[in-house]
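Observations on the model geometry
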Amino acid sequence: MKQYKPLTTSSEWTFELIQEYTEHIERIAKEKYDLDLYPNSIEIIGSEQMLDAYSSHAMPIMYNHWTFGKSFVSNHNSYKKGYTGLAYEVVINSSPTIAYLMEENTMLTQILVIAHACVGHNYVYKNNYMFKEWTDAEAILDYLKFAKKYIADCEEKYGYEEVEKFLDACMTWQFYGVSKYKRPDDLSKKKQKERDKKRRQMMHEDAHEIWSTVPDLNKGRPDEMKKEKFPKHPEENILYFLEKNTPKIDEWKQEIIRIVRKIGQYFYPQLQAKVVHEGTATYWHYTIVNDLYEMGLIDDGFMVEFLALHTNVVNQPRGSAMMNPYALGFFILKDIERICTEPTDEDYEWFPDIAGNGKPIETIKWASTNFKDESFIQQFLSPNAIRHFKMFSVEDDSEKPYYLVNDIHDKNGYKAIRERLARQYNLSSMIPEIQIENVDAWGDRSITLTHTMYNGIYLDVKETVEALKHLRYIWGYDVILTTKDEQGTKHITYIISEDDIDIIDHMAEDEDDEEDQIALAFQGLYGGYIP
Amino acid sequence: MSFNIIDRRLNDKGKSIPNRQRLLRRIKDSLKDSIKEGIIDSDVKNFGSDKQVITIPKRGLSLPEIKHGKFGVKNIVVTGNEKYVRGDKIPKQGGQGNGGKKGSPDGQGDDEFKFELSRDELLDLFFEDMELPDFIKNTIKAEDNFENRRAGFITDGTPARLNIQRSLVVAKSRKTALIGPKRKRLKALKKELEELLVVIDSTKDEESLKSLLLRKDELETEIKKLKKKIAAIPFIDEYDLRYNHWVKHPVPTNQAVMFCMMDVSASMGEWEKEMAKRFYILLHLFLSTVYEKVDVVFIRHHSTAKEVDHDEFFYSTETGGTIVSSALDVMTDIVKERYNPNDWNIYACQASDGDNFVFDNPKVHEVMTQRILPICQYYAYIELDEHRTGQSDIWSMYENFAQNFKNISIRKIHHIKDIIPVFRKLFEKENS
């Protein structure tokens, strides 16, 4: 490696230094490690702007909503009280990738952030399969501009109260706007315009699908037609369904549903790849800063600062059930490096495909691009890692006054712990599985949804009732949600009508008396909460 | 180079402002209630000077979250195991464990959300009820008066403030410092060269000539190098630039005193007191923007009058008959003692329900016309008449004053928004 002198030894950064270091960092990334990256846009901001940034999902442009205002106040309060520092790195999945550097950072911190965000995160955004499939880095900022303007225009035309009420309802369901098994459509502006045109045509041409179920008596008896289910198969993309099928819905409301689900779709992979993201970014900042040191571009003083900062970032507090994604991700990738180059017998046993392959960088690149958190952990969490973090698993039964330790970091426990940790990153454990089961198109037009229980866990009653009220507001007719277990047995049913909320507990002792069922439900499940 | 570096620090810092406004709209009713309480609790003088911290319950401040409840069985992976083995039972905190699966313990108390309003936002909400016209709002919200004064030089600034002479002076001194030694050396070299040339001329010996010529070349190259170095030193550098420095200096203004007079007979209830308090606060706020120092004097009266402090003014429970002139007398006494009209701008506001002991009226007339109105900048009177009970003694008298004197304004208050018109003349006068 070519040898240099440190570009600076002072903690003050300058634009010229940032430029020079970035050139070196990008060159190392591309030439030494062959990392394919989006172009970078590095923006220097002040601390208040940083607060602005991550109060609205860090997007530089976003439609206005009161939840972002509240988020700002919360973050501001915490920051002022000293509870949290501001994030060093806020980076946006777009092309060019936008990374924010705070003006208060030292030179070394800026170097770290550049390696972390402009190389690490950038790499995952561009190459990880989840992001390639679900996000369009080149179109997102333009789309947000359109969304912001559209919503602002609606506020002017229809009044901010009505728009806010509708937006609130849609945002409650923003994680249910993704078709997990279909390829998402494009965000580009041109296609947007074409779609608008098409939609207007279609509005005139055909009635909503629902009304095509009005029976044609020549075709058969109404009873038979009634049996035809709508939708034919359970629909998981709830917002999409509402957008296309809500009876008598205004066009602007349809567009708002669409905006909320498009943005939900954009953030969808982010939920499921936190460990992969932070692990990869940390790995690259660690590697590249070390390279800079070996090349002489930074001196011992900087390295001391770096090690302190890095150690802080990957610190995993003991006795905690909250796994620091930086700690976990970084350790796993470093572990992969070790397994590829100096495997132990245990490694050969657990990772026969990669142990000793002598290609650490290639393997790490493969690990960070072809997996999401759940599969990443399931595939790569080694006994070594489990021992390092001294992981153990406990069973938490809400009815018992204790936690039961069921596995620890010994030979018999590794497999179980790995599987349990991986499961914690499964989407269904974070976002309950709810699908649209049926619409009573022929009758009272009520919509029925099914919640499939995960691990036998019920939904939070208060929140669910509020969320279903919002759904009813969008749909316009009664909403019914049934919680079923994996075998299909009904446990609870929520019925939200215009003035009333009913909850039926199917597992109640006296199954035959429905009134009893409801009473029991109110008494127990509701926990005294009267809606 | 596939990257850009952009300095956004001077960009719009208020990206969250529209979001904050939306949040405020949403919780406006809670805010107004909180402010009302704040008015009742706070000092007339302090209202609006500190940032107000409001606490509101969190309920209704979040979108509902579709999530799992606490009930059920789940596995959790934890780190940092030092001592546990399989089968160990770790007690939960708070002793959970509810009989029957129906008990899902979701009873968190409503967390409260702390919220800080800026002075502007606070005043906006305060004024909204009162339907304050814009020009008054602007006056009250306006910043203190400042003037700019010169304060030497500073190394950074805008091109408009560049002080050329000063910069050149600094440049000259830098140049001198840098070039000085070089020039000295150059002079020495040139002298040596000159002497050498003379020696060369007079040397015939081949051997010594060679070495002399060698030396001559050396000298010439060194001189050339040195000249180049000297030329490379710029006559002015960014480091030399000096800019004029301006500092903001508060403008000292005159002082004002505000006399608050209130009738505390039994007919003044909670509503009346709240109206009166808003009335005093408004005048105080207004005066604070115009005068640097505003003193407040509280005089309460029923059949006798007394100067009191803030708390006694609003909360004490003496009652009695009503003799207005007692208050006016006390006011004139205080003015004589402490507030010379030549040094102080005198403002007065009086709140009452209109009654007066009938034989007192001529005295009131005399004191007002002879001694008070002539020295007051402005006299504001509000009659608190929630139930519209008709003409009162004081009213008719003051109505008369209003026609003859320019500096008095009277108003009956049936509703909170009636307060402003009392001040209209005052504000218009100050703003013209």
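Residues numbered from 1 in each chain as written. Chains lettered and ligands numbered in written order. Predicted model: local features only at pLDDT ≥ 70, side-chain atom pairs only at ≥ 80, totals over all residues. Heavy atoms only, no water.

**Observations regarding the overall build of chain B**
When its secondary structure is counted, chain B shows 12 helices and 13 strands. For chain B, restricting intrachain contacts to residue pairs at least 6 apart in sequence, the fraction spanning at least 24 positions comes to 80%. Surface exposure of chain B reaches about 24400 Å², of which carbon and sulfur atoms provide 49%. (Helix = DSSP H or I, 4+ residues; strand = E, 2+ residues; numbered from the N terminus. Contact = heavy atoms within 4.5 Å. Areas by Shrake-Rupley, 256 points an atom, 1.4 Å probe, with all protein chains shown as cover.)

**Focus: the confidence of the model for chain A**
All names here are of chain A. On average, residues of chain A carry a pLDDT of 84, and 83% of them reach 70 or more. Of all the helices and strands in chain A, helix 22 (residues 514-525) carries the lowest mean pLDDT, 47, while helix 16 (residues 360-369) carries the highest, 96. Ignoring residues within four places in sequence, the model shows residues 519-531, a span with pLDDT below 50, making 28 contacts including any to other chains. (pLDDT = per-residue confidence, 0-100.)

**Concerning the sheet that holds strand 2 (residues 90-92) of chain A**
With respect to topology, 4 strands assemble into an open sheet ordered 2(A)-3(A)-1(A)-1(B), the strand pairing being mixed. On the outer flanks of this sheet lie strand 2 of chain A together with strand 1 (3-7) of chain B, each paired with one strand and no other. Pairs of neighbouring strands in the sheet enclose a mean axial angle of 20°, with direction left out of account. Of the pairings in the sheet, the one linking strand 1 (residues 40-45) of chain A to strand 3 (residues 97-102) of chain A comprises 6 bridges and is parallel in character. Looking across to strand 3 of chain A, one finds that Glu43 of chain A is bridged to Tyr100 of chain A. Each of strand 1 and strand 3 of chain A together with strand 1 of chain B is contacted by helix 1 (residues 15-32) of chain A, which is oriented at about 155° to strand 1 of chain B, the strand it contacts most. (Pairing = 2+ DSSP bridges. Axes fitted to C-alpha atoms, helices over the stretch in contact; angles between N-to-C directions.)

**Some thoughts on the interface of chain B and chain A**
By a widely used convention, the size of an interface equals the accessible area lost when the partners come together. Counting residues at the interface gives 67 residues for chain B, matched by 98 residues for chain A. The contact between chain B and chain A buries some 7900 Å² in all, and 54% of this surface belongs to carbon and sulfur atoms. The partner of Glu103 of chain A in a salt bridge is Arg9 of chain B, and the shortest N-O contact between them spans 3.0 Å. Where chain B meets chain A, there are 36 residue pairs in polar contact (both at pLDDT 80 or more). Looking at the side of chain B that touches chain A, the elements with two or more residues in it are strand 1, helix 1 (17-26), strand 3 (73-78), strand 4 (89-91) and strand 5 (112-117) of chain B. Ranked by residue count, the leading element in the side of chain B that touches chain A is helix 1 of chain B, at 7 residues. (Buried area = accessible area lost by both parts, 1.4 Å probe. Salt bridge = Lys/Arg side-chain N within 4 Å of Asp/Glu carboxyl O. Polar contact = N/O pair within 3.5 Å; in protein donor to acceptor, adjacent residues only side chain to side chain.)

**Points about the environment of Trp344 of chain B**
Residues and elements named next belong to chain B. Structurally, Trp344 can be placed in strand 11 (residues 344-352). Spatially, the C-alpha atoms of Trp344 and Gln377 are 9.7 Å apart, while their sequence positions differ by 33 residues. Those residues in contact with Trp344, other than ones at most four positions away along the chain, are Gln255, Ala256, Val257, Lys293, Asp295, Arg338 and Tyr339.

**A word on the nonpolar core**
Ranked by size, the top nonpolar core spans 160 residues in total, and within it Tyr63, Trp173, Leu328 and Met391 of chain A carry the most contacts. The biggest single contributor to this core is helix 4 (residues 107-127) of chain A, with 13 residues. With residues up to four places along the chain from it excluded, the contact list for Met391 of chain A reads Met323, Leu328, Leu381, Ile386, Ile408, His409, Ile417 and Leu421 of chain A together with Val77, Val78 and Thr79 of chain B. (Core = buried A, V, L, I, M, F, W, Y, C linked by side-chain atoms within 4.5 Å. Buried < 20%, exposed > 50% of the residue type's maximum accessible area, 1.4 Å probe, protein only.)

**With respect to the sheet that holds strand 3 of chain B**
One open sheet holds the 4 strands; their spatial order is 3(B)-4(A)-5(A)-4(B), and the pairing between them is antiparallel. Unpaired on one side and paired on the other, strand 3 and strand 4 of chain B mark the two borders of the sheet. Here the average twist between neighbouring strands, direction ignored, is 30°. Against the sheet, helix 19 (residues 414-424) of chain A engages strand 4 (392-397) and strand 5 (402-407) of chain A together with strand 3 of chain B, with an angle of about 105° to strand 3 of chain B.

**Quick look at the packing of aromatic side chains**
Residue and element names in this part refer to chain A. This structure, assessed with the given rule, holds 30 aromatic pairs over all chains. Centre to centre, the rings of Phe146 and Tyr150 are 5.8 Å apart; their planes meet at 45°, and the pair counts as tilted. Taken together, the positions of Phe146 and Tyr150, both in helix 6 (residues 140-158) and 4 residues apart, correspond to about one turn of that helix. A connected cluster of aromatic rings, assembled from ring pairs, spans Trp366, Phe371, Phe376 and Phe380. Its guanidinium or amino end placed over the ring of Trp350, Lys415 lies 5.9 Å from that ring's centre, counting from NZ or CZ. (Phe/Tyr/Trp six-rings, centres within 6.5 Å; stacked < 30°, edge-to-face > 60°. Lys NZ or Arg CZ within 6 Å of the ring centre and 35° of its normal.)

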